[in-house]
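# Coordinate analysis (summary)
One-letter residues, chain by chain:
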2 protein chains.
Amino acid sequence: MSVEKYDIVIVGAGPVGLLLSTCLARWGYKIKHIDMRPEPTLTGRADGIQPRSLDLLRNMGLKRAIMAHEPAKVYEVAFWDPSESGKGIHRTGNWKSCPSFIDARYPFTTLLHQGLIERVFIADMEKYNVQVQRPWTITGFKNDGADKEYPVEVNLAHVDGTAKETVRAKYLFSGEGARSFIRAQLGIGITHKDPIQHVWGVMDGVVRTNFPDIKMKCTIHSDAGSIMVIPREDNMVRLYIQIASSTDPDFNPRKTATTEEVQNFAKKIMKPYEISWDRVEWYSVYPIGQGIADKYTLDERVFMGGDCCHTHSPKAGQGMNTAFLDAVNLAWKIHHVESGFADRSILSSYESERKLIAENLLNFDAAYAKLFSTRQPSAGEIGSATATAAEQQPQEENQFIKMFKESCEFTSGYGVAYNPNIFNWSPEHPAKSPLFLSFADKTTTQRTGRIMTASTVTRVADANVVHLEQEVPLNGSYRIFLFGGKPSKTQKAIADFAAGLAKKTSFYSAFGHLDSDKVSYHERHNPHSPFFTICTIFNAAREAIEVRELLPELIARYFDHVYADDIWDQRVPDAKAAAHAKMGLSEEDGGVVVVRPDGYVSAVVKLVEGSGTVDALNDFFAAFSTKSLGGGEKASL
Amino acid sequence: MSVEKYDIVIVGAGPVGLLLSTCLARWGYKIKHIDMRPEPTLTGRADGIQPRSLDLLRNMGLKRAIMAHEPAKVYEVAFWDPSESGKGIHRTGNWKSCPSFIDARYPFTTLLHQGLIERVFIADMEKYNVQVQRPWTITGFKNDGADKEYPVEVNLAHVDGTAKETVRAKYLFSGEGARSFIRAQLGIGITHKDPIQHVWGVMDGVVRTNFPDIKMKCTIHSDAGSIMVIPREDNMVRLYIQIASSTDPDFNPRKTATTEEVQNFAKKIMKPYEISWDRVEWYSVYPIGQGIADKYTLDERVFMGGDCCHTHSPKAGQGMNTAFLDAVNLAWKIHHVESGFADRSILSSYESERKLIAENLLNFDAAYAKLFSTRQPSAGEIGSATATAAEQQPQEENQFIKMFKESCEFTSGYGVAYNPNIFNWSPEHPAKSPLFLSFADKTTTQRTGRIMTASTVTRVADANVVHLEQEVPLNGSYRIFLFGGKPSKTQKAIADFAAGLAKKTSFYSAFGHLDSDKVSYHERHNPHSPFFTICTIFNAAREAIEVRELLPELIARYFDHVYADDIWDQRVPDAKAAAHAKMGLSEEDGGVVVVRPDGYVSAVVKLVEGSGTVDALNDFFAAFSTKSLGGGEKASL
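Residues numbered from 1 in each chain as written. Chains lettered and ligands numbered in written order. Predicted model: local features only at pLDDT ≥ 70, side-chain atom pairs only at ≥ 80, totals over all residues. Heavy atoms only, no water.

Under an unreviewed UniProt entry, chain A has the name Phenol 2-monooxygenase and belongs to Neodothiora populina. You can read under Sequence similarities (unreviewed entry) in the UniProt record for chain A the words "Belongs to the PheA/TfdB FAD monooxygenase family." (UniProt positions renumbered as here; feature names shortened; annotations may be inferred.)

As structure tokens, then:
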């Protein structure tokens, strides 16, 4: 009997599995996706979408569907502590969840229950004919290599045991959550960073209260206990209540509490304010400890991500967001290997990039918990931390504020920073051209391994004011942002750049479409290569840019990706060309910013006359692409 | 046999009928809505949503559904004329469709085919159990008063004659379009403003071209003829081609042309550029003349709106937008009469307000057509017209630029200005308090009968940054914007204002909920009265505003409608309280801006200690409400 073959088998239809599935479905992969639950999450569970994740969802074209559910938006966090009089609580401070020193398009956390988010992904996958098979579970797997192309055998079964399937796949992915069968089978251990375990109660419901900050995120400490308040869609509010801690003398990880007990507990904590419940939508008590998987993969065929790899407290609303970024990181790397662009060895960077972030998250989580449970900031401290950079008094930058600032950046998602590696250029990269610019040298503001700074420009083709960082959708392509400076100054450099790209052995042409004559006239993003989209930004007024006169044919083909850098930006008020200025590039001479398919900066290169700029990029891509580039030898990894 | 009774019978499910139906359905009216077409518009027809209309759709909560269709957005218009060399065409200028001197949230025209827009309304109506009955038509009607409450008898029939219905209604509305049975039955004539008639060809399709402005709105004049280009959703483009004019010696209003003839015509006009069609989605040829109905109603029971009342050229994309504003204008007036708030005599203001706008539109349309077909602006003229107010050189303000500016404001929808009447205060209004502020006196920037200026503030309850003008949805209520200035200065004035509102005979309390104990604890907009929502805006930092401590209980009940005026605005860069400044109110002392349910300013009143502010508003509302207010006599109309 012939066995059905898939590019990937994905187990678990929570955030990590669904985002991975959505990406790969769009890019044409054959997917078997199973979940042991009979239907998507109905109520409760994760709910916080951080600012950077919203950028990502928008880049996938899914933000509007999320926002159609009218989620709550959290712009500020308020801190409540015992009153000095000893009676009840009072507010001791508040701060922005994403202060203005972070250049975020959406400086708020979006709160929406996980099931609604899951359904947005599921609806998108279905457009590409991928359904989640429910309620099915995985019963076994082995990377036996019996089929070289599909080395992994996977055994699946209906949860009631009435049906079984055995399939083969190129990859197997576990998005199973904390209790992972796959991780257990692989014998991968969990390291507990913070030995303290907690039992949490969480309750979603509609309340009546005179507590003034009920529509904000709050941390309330009272002599009666502690509570976290998080607003939700549909006029709901979520309360997190710590029910037990392993530091308690009589700690029992199976300790529980009824709805009524938790409500009475909350009533005591929130005095002198009153609170009562119109209805409770969801209530759960669960023990949680910090943990991180020792490995994310053993063989680069069977991968894991999301809660399967890292668990932590729900306090900072990071779980789903980290899951999203795990998934997108793996998705484009699998795509680049399977489509013949990149060497299989790049798959090791999934673990090295994402495990570091999880470790940072767990360290942060432990510190955050400590911060919340020990010392409360005064209003004065907060004021200076939320001020803009220009207003800050350096002498006030104490340790607490520093940590707060760092954690704002981290929790918003903009602090995610991948270390230098083959994708994220540094002086240690095999590509050694002196034309690479760097944050360390102050020759650019863009940091490799970090998200590209947001900027607003005018699209020449239709005069639409657009967000440059969103112009290339999440389509698996590298984004080549050619900042063209003043057209009169860079004309030759751009012509030389185009000539360099046109050479058969360039990184760009070596991976051109195999059936280039079948490419649609209307293709906007990938007319020449599925792996690159070129955006050109000039320091000029829109009406002065005649795309087909100003640009060589190869670049003019990206007619919808030519922009005028003519929109004033409050963050660089004196700049004539704000996007150039925000990138830290010369407004006259421009430069080239290369961005990974997931939005993180790969490299920044000077734009020069001659072959230097393309030579530098050939060397850069040669470090991991499957072909030797630029006519020379393939650089070694 | 008992006859079914409806609040309103609406004939025609185009933009005007659908928007009227959507409003009245939400407000609980019983509606019979018919259309003679078997289904909504499939292709073509109207497609331009102007900036102000997008505000309106957002206020109805429908913008997101419109935008989900990824419409084209037109930010600029380009002008092409015969080259001086005598060969082909060249661009002679471009300008913004909504220049920066207009304070628009969405400074672009949204292009989407009418059928998709219709479906957004239909989906919303269905939530309120209103369906369009198709394909049905009206066969007769009479306002016979046989039933005092439902004076209009309406005869309806299936278009194939297989079924008939006779119903009674309080109102009958014709949204039938230019060929109106109802208008004909009423014997209402059409006045033709501009005697010139035109035959237009219009074609929607996907093209291939090297014409650089194919994604912008363009007017192309060549020696071979004239064409208008309008981008559309789904990579389509619409071409309007004038096929014949009544000024032609051999004019025939039934002149036609095949798809191929029009395409060949376009090819000649667009030389030296090339154009060809991948597909044509819609093609139509139709004669159009300017016309305006002499009356919009005879008896204030049978009303008409939209194309039924005014026809004009499609050049400025005004048809659907004028229809929307007809509908919303009528909707809240019917609602206020039927719910007992306003005197029946207010219904006469539907015609007086909307016919004036239609007349302005037709005058504009004639001038616009003339402008397009005679003199082309030079690039220099355009440059100064699109500059911001601060950059303008007054000496360059020639007649053309002046007309251009006026028409930009008008075509964007922000130029719609209703004359003074009972709703739009002026010194001639029965309310004579010296506390009324006015644009003429420069005591406020807000003009009665005009849309309230947009401003951005921070909502105190949840720290969300919001658009103040959108905070009260289109729910049929007047919007009382209480600008509170500095809380320390206005404390007594606000207390007195609240005390005045609380008096039984105030405009506010006289129309309180009849069953006030049944109002939900969670009601945000109308806790006290279905006719008023109060928004309070303070010149203070958000964290300094403790709603329940600062505000009297009556106003604090609008807990979700208290705002901090703490967001910097580029248009008033020196203001500490930008929203106050934009309204032209004292940042210290505030003031009260009363806005009609449709977003137009009714009156602006000084905020003073004592009873004066409420007295002024009592007099204002007494001019048309059904009760005597303020304890005095009812003012006469």
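### Side note on the relation of the copies chain B and chain A
Superposing chain B onto chain A takes a rotation of 180° plus a shift of 0.0 Å along the axis, which leaves an RMSD of 0.0 Å. Such values leave the two copies arranged in the relation of a two-fold axis. Looking at the rotation axis and the C-alpha trace of chain B, the residue lying nearest is arginine 64 of chain B, at 3.7 Å. Here 100% of the contact residues of chain B are again contact residues in chain A; the copies associate through an equivalent surface. (Least-squares fit on C-alpha atoms with pLDDT ≥ 70 in both. Contact = heavy atoms within 4.5 Å.)

### Observations concerning the pattern of salt bridges
For the structure on display, the rule yields 80 salt bridges over all chains. The shortest N-O distance in the salt bridge between glutamate 281 of chain B and arginine 279 of chain B comes to 3.4 Å. Salt-bridge contacts for aspartate 560 of chain B lead to arginine 524 of chain B; the nearest nitrogen and oxygen are separated by 3.7 Å. Of this pair, aspartate 560 of chain B sits in the loop between helix 13 (553-556) and strand 26 (562-564) while arginine 524 of chain B is found in the loop between helix 11 (487-502) and strand 25 (532-538), placing the two residues 36 residues apart along the sequence. Note on aspartate 560 of chain B: relative accessible area 10%, which makes it buried. With a relative accessible area of 32%, arginine 524 of chain B lands in the partly exposed category. Sharing partners across several salt bridges, the network here consists of Asp7, Lys170, Glu338 and Arg344 of chain A. (Salt bridge = Lys/Arg side-chain N within 4 Å of Asp/Glu carboxyl O. Helix = DSSP H or I, 4+ residues; strand = E, 2+ residues; numbered from the N terminus. Buried < 20%, exposed > 50% of the residue type's maximum accessible area, 1.4 Å probe, protein only.)

### Re the packing of aromatic side chains
Counted according to the given criterion, the structure contains 69 aromatic pairs over all chains. Consider the rings of phenylalanine 621 of chain A and phenylalanine 624 of chain A, whose centres lie 5.8 Å apart with planes at 65°: the pair is edge-to-face. Across the pair, exposure class does not vary: phenylalanine 621 of chain A and phenylalanine 624 of chain A are buried alike. Taken together, a centroid distance of 5.8 Å and an interplanar angle of 90° make the contact between phenylalanine 620 of chain B and phenylalanine 624 of chain B edge-to-face. Note on accessibility: phenylalanine 620 of chain B and phenylalanine 624 of chain B belong to one class, buried. Site record: aromatic cluster; members linked through ring pairs are Trp332, Phe341, Phe423, Tyr478, Phe507, Tyr508, Phe511, Phe531, Phe532, Phe620, Phe621 and Phe624 of chain A. In this structure, lysine 30 of chain A is placed above the aromatic ring of tyrosine 6 of chain A, and the distance from its NZ or CZ to the ring centre is 4.8 Å. The positively charged end of arginine 447 of chain A is found above the aromatic ring belonging to phenylalanine 439 of chain A, 5.0 Å away from the centroid. (Phe/Tyr/Trp six-rings, centres within 6.5 Å; stacked < 30°, edge-to-face > 60°. Lys NZ or Arg CZ within 6 Å of the ring centre and 35° of its normal.)

### Brief notes about the pairing of strand 10 (residues 152-158) of chain A
All names here are of chain A. Taking burial as the measure, the seven residues of strand 10 include six buried ones, the bulk of the element. As defined by bridge partners, strand 9 (residues 136-143) adjoins strand 10 across seven bridges and the pair is classed as antiparallel. By the bridge assignment for strand 10, phenylalanine 141 is matched with valine 154. Direction of pairing for strand 10 relative to strand 11 (residues 164-174): antiparallel, over a ladder of six bridges. What sits directly across from asparagine 155, in strand 11, is threonine 166. (Pairing = 2+ DSSP bridges.)

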